[in-house]
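# Summary of the model geometry
Single-letter residue listing:
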Amino acid sequence: MDANLTVALAVAAVAIVAMLAATIVLLVKVFRTRALLREAGVPLSNRAAYWGALIYVMSPVDLLPDPVYLDDIGVLLLALRSLHAASAGAAARAGSYGRERAGSRTSSARPRSVGSRRRTS
């Protein structure tokens, strides 16, 4: 075998292994993001905007040719803005829910700690 061919095959093998490792890392991050969005209570429309933007960025079909990434950046920014607005709304709802619960408690009621038990004698 030629030395140049051996070097080229070795470089190709390293590149393939690196791409597979990067793909696995990205897939793990995508599934973690999916779980975080679901746990955060982000509405379905906002989650759909995020996933639609992600699919659009990976898609070979673009509004502008690929050397110009302005359309991809714009779509991602709109999706992130949608997620930011949804998270701000969820935080506001959670804050108002906590204030309502705190206001409904009577002054004689004392909250128990998580691990404490009432003793019955």
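Quick note: structure is the one above.
Per chain, residues are indexed from 1 in the order of the written sequence. Per-residue local features of the predicted model are confined to residues with pLDDT of at least 70, and side-chain atom pairs are confined, for both listing and counting, to 80 or more; whole-chain, interface and lining totals are unaffected and use all residues. For side-chain calculations, the full set of non-hydrogen atoms in the structure is used, while hydrogens and water are omitted.

Right, let's talk about the nonpolar core for a bit. If you look at the biggest cluster of nonpolar residues, it comprises 6 residues: Leu37, Val42, Tyr50, Leu54, Leu83 and Ala86. The secondary structure listing takes helices from DSSP runs of H or I that are at least 4 residues long and strands from runs of E that are at least 2 residues long, numbered from the N terminus. Mapped by element, the contributors of at least two residues to this core are helix H2 (44-58) and helix H3 (70-104). What is meant by a nonpolar core is a set of buried Ala, Val, Leu, Ile, Met, Phe, Trp, Tyr and Cys residues, joined one to another through side-chain atoms within 4.5 Å. In this scheme, a residue with accessible area under 20% of its type's maximum is buried, one over 50% is exposed, and one in between is partly exposed, where area comes from a 1.4 Å probe on protein chains only.

Right, let's talk about the side chain of Asp71 for a bit. As for its placement among the helices and strands, Asp71 is situated in helix H3. The side chain of Asp71 sits in the buried core without any salt bridge; Arg81 is the nearest counter-charge, 18 Å away. Counted as a polar contact is a pair of N or O atoms within 3.5 Å, where, for protein atoms, one must be capable of donating a hydrogen and the other of accepting one, and residues adjacent in sequence contribute only when both atoms are in side chains. In this structure the side chain of Asp71 is engaged in a polar contact, spanning 2.7 Å, whose partner is the side chain of Tyr56. With residues near it in sequence (within four places) discarded, Asp71 still touches Tyr56, Asp62, Leu63 and Leu64. All tallies of charge rest on Lys and Arg as positive and Asp and Glu as negative; His and the ends of each chain are not included. For this document, the term salt bridge refers to a Lys or Arg side-chain nitrogen within 4 Å of an Asp or Glu carboxyl oxygen. Residues are treated as being in contact if the distance between any of their heavy atoms lies within 4.5 Å.

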